[in-house]
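Next come the chains, spelled out residue by residue.
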Amino acid sequence: MAGWGVAYVPSAWLVEDVPPLLAAALRLSLAGGLLLAVMVLSGRSLHPEVGWGVVAWIGFTQTTLFYGATFWGLDREGAGLAAVLANTDPLFVAVLSSWLLGEVLRGGQWLGLVIGFLGTALAVSHQQVWPPTASIDSLIVVGGALAWSIGTVVAARQVRGVGDPLGLAGWQMLVGGVMLGGVVAFDPGPVTFGAPQMGLVVLVAVVGSAVPLALFYRALTMAPASTVSAWFFLVPVIGVATAWPLLDERPTPTLGVGLALVSGGLWLVMRDSAGDEIASIGRDSMAATPPDSTRQ
């Protein structure tokens, strides 16, 4: 969770010199390539164990749209706000999985949804509570979180108990990164790219994607998915806490309250997740939970 959270600051530094969509493409392509390379070196099969159409769908929704929107928000609204809004995706997943997949939500989860969405509304209107002053850039980030959730729910039936989590994650990031790169190719914009920018790309790819994802799946072999996933509430907290001293992004009172409500809502929703498959979905992968024998 710390790795995913602290990655917002170096990502914000990166978009100062590199257009946001290109920065996202570089981060995800490199992270996906590194993860697949590690799998090769460890003797694991690279096949995701699901259809390539599913991989393409996940790559489009959870990498191209989600990270494209997140990096857009980083560039336009700052790391702190992007960290809060981008991490609202588990709230959308809970609602959509209940509606479309028949997942049963407990009372605490419904309370978490109300609290979390109230916090999202406050964070979007972070300058003042009334009248609402949501910017289009903030709504784009929320739209990216919604896209990630739609990708999760639509493909959930195809990957439950079938897909290889790390293989799916690697291919998802690589395919989505290439898609982002294809979009950027039409209008890359001004780019300043040298050793400092390359260092930031490597940092966010390794520390912000590949390593936390590997640790996440390692944790799933040691504890129930709902227990592990409950800690996702820390990601926006760490994002805002690091953006304050390192980027001088002092959170407004409204954003601070919104952060507290979003984090509390996430904790309630993820703590008692209705299904292990939904609860175990990681930040860089929609992958299904490993078989129960790996989580004893």
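Residues numbered from 1 in each chain as written. Predicted model: local features only at pLDDT ≥ 70, side-chain atom pairs only at ≥ 80, totals over all residues. Heavy atoms only, no water.

Caption draft 1: Looking closely at the overall build of the protein. Counting its regular elements, the protein contains 14 helices and zero strands. Each helix and strand of the protein, placed in order from N terminus to C terminus, yields the pattern α-α-α-α-α-α-α-α-α-α-α-α-α-α. For the protein, with 296 residues in total, the buried portion stands at 53%. Counting only carbon and sulfur atoms, one obtains 70% of the accessible surface of the protein, whose full area is about 11900 Å². (Helix = DSSP H or I, 4+ residues; strand = E, 2+ residues; numbered from the N terminus. Buried < 20%, exposed > 50% of the residue type's maximum accessible area, 1.4 Å probe, protein only. Areas by Shrake-Rupley, 256 points an atom, 1.4 Å probe, with all protein chains shown as cover.)

Caption draft 2: Broad picture of the packing of aromatic side chains. Scanning the model with the defined rule gives eight aromatic pairs in all. Three or more aromatic residues joined by ring pairs form one cluster here, namely Trp4, Phe216 and Phe232. (Phe/Tyr/Trp six-rings, centres within 6.5 Å; stacked < 30°, edge-to-face > 60°.)

Caption draft 3: A look at the packing of helix α5 (residues 79-86) against helix α12 (residues 234-247). Packing of α5 against α12 brings their axes to within 8 Å, and their N-to-C directions diverge by 175°. Accordingly, the angle class assigned to the pair α5 and α12 is roughly antiparallel. Together, Ala79, Gly80, Ala83 and Val84 of α5 and Pro236, Gly239, Val240, Ala243 and Leu247 of α12 make up the contact between the two elements. Tallied by class, the residues present in the contact of α5 with α12 amount to seven nonpolar, two polar and no charged. (Axes fitted to C-alpha atoms, helices over the stretch in contact; angles between N-to-C directions. Parallel < 35°, antiparallel > 145°, perpendicular 65-115°, else oblique. Contact = heavy atoms within 4.5 Å. Nonpolar A, V, L, I, M, F, W, Y, C, P; charged D, E, K, R; others polar.)

Caption draft 4: Seen up close, the pattern of salt bridges. This model, assessed by the stated rule, comprises one salt bridge. Among the ionic pairs, Asp75 bridges to Arg76, the shortest N-O distance being 3.3 Å. What makes Arg76 partly exposed here is its relative accessible area of 43%. (Salt bridge = Lys/Arg side-chain N within 4 Å of Asp/Glu carboxyl O.)

Caption draft 5: Layout of the nonpolar core. Counting 63 residues, the largest nonpolar core has Tyr8, Phe71, Leu74, Val84, Leu85, Leu213 and Phe216 as its most contacted members. Per-element accounting of this core gives the leading share, nine residues, to helix α3 (residues 20-41). In this structure, Val55, Ile58, Ala155 and Leu168 belong to the second largest nonpolar core, which totals six residues. (Core = buried A, V, L, I, M, F, W, Y, C linked by side-chain atoms within 4.5 Å.)

Caption draft 6: Structural view of the packing of α3 against helix α9 (residues 165-186). Interaxial distance between α3 and α9 falls to 7 Å at its minimum, and their mutual angle equals 150°. It follows that α3 is roughly antiparallel to α9 by the angle criterion. Regarding α3 and α9, the two cross each other, and that crossing is left-handed. In terms of residue class, the contact of α3 with α9 is made up of 18 nonpolar, seven polar and no charged. (Left-handed = near helix turned anticlockwise from the far one by under 90°.)

Caption draft 7: Just unusual backbone geometry, in detail. Residue Asp248 is not a glycine yet carries a positive backbone phi of 60°. Here Asp248 lies in the loop between α12 and α13 (253-271). A residue is classified by how much of its surface remains accessible, and Asp248, at 64% relative accessible area, is exposed.

Caption draft 8: Representation of the environment of Ser263 within the structure. Along the chain, Ser263 turns up in helix α13. Sequence separation of Ser263 and Thr88 is 175 residues, and the distance between their C-alpha atoms is 8.9 Å. In contact with Ser263, other than residues within four places in its own chain, are Phe233, Pro236 and Val237.

Caption draft 9: Structural detail: α9. Relative to the 32 Å expected for 22 residues at 1.5 Å per residue, α9 spans 32 Å between its end C-alpha atoms, a close match to the ideal helical length. Taken residue by residue, α9 has Pro165, Leu166, Gly167, Leu168, Ala169, Gly170, Gln172, Met173, Gly176, Gly177, Leu180 and Val184 as its buried positions. (Expected span 1.5 Å × (residues − 1).)

Caption draft 10: Layout of α12. In this model, α12 (14 residues) spans 19 Å end to end at C-alpha, consistent with the 20 Å of a helix rising 1.5 Å per residue. Three or more residues of α12 are buried, namely Val235, Pro236, Ile238, Gly239, Val240, Thr242 and Ala243. On its buried face, α12 is in contact with α1 (2-6), α2 (8-14), α5 and α13. Phi turns positive one or two residues past the end of α12, at Asp248, with a value near 60°.

Caption draft 11: Region of the structure containing a nonpolar patch on the surface. A surface patch of nonpolar side chains, about 460 Å² in accessible area, is lined by Trp57, Phe60, Leu65, Leu146, Ile150 and Val154. Elements with a contribution of two residues or more to the nonpolar patch: α4 (52-77) and α8 (136-159). Inspection of the secondary structure assignment puts Trp57 in helix α4. (Patch = residues over 30% accessible without salt bridge, like charges linked within 9 Å, V, L, I, M, F, W, Y side chains within 5 Å.)

Caption draft 12: Geometry of the confidence of the model for the protein. Put simply, the protein has an average pLDDT of 85, and 86% of its residues get 70 or more. Mean pLDDT across the elements of the protein ranges from a minimum in helix α14 (residues 276-279), with 44, to a maximum in α2, with 97. Low pLDDT, under 50, characterises residues 274-282; the stretch is placed with 42 contacts to residues that sit more than four places away or in other chains. In the predicted structure, residues 285-296 sits below a pLDDT of 50 and forms 44 contacts with residues beyond four places in sequence or in another chain. (pLDDT = per-residue confidence, 0-100.)

Caption draft 13: The side chain of Ser11, seen in detail. Relative to the helices and strands, Ser11 resides in helix α2. In contact with Ser11, not counting residues within four places along its chain, are Arg27, Phe71, Leu74 and Val204.

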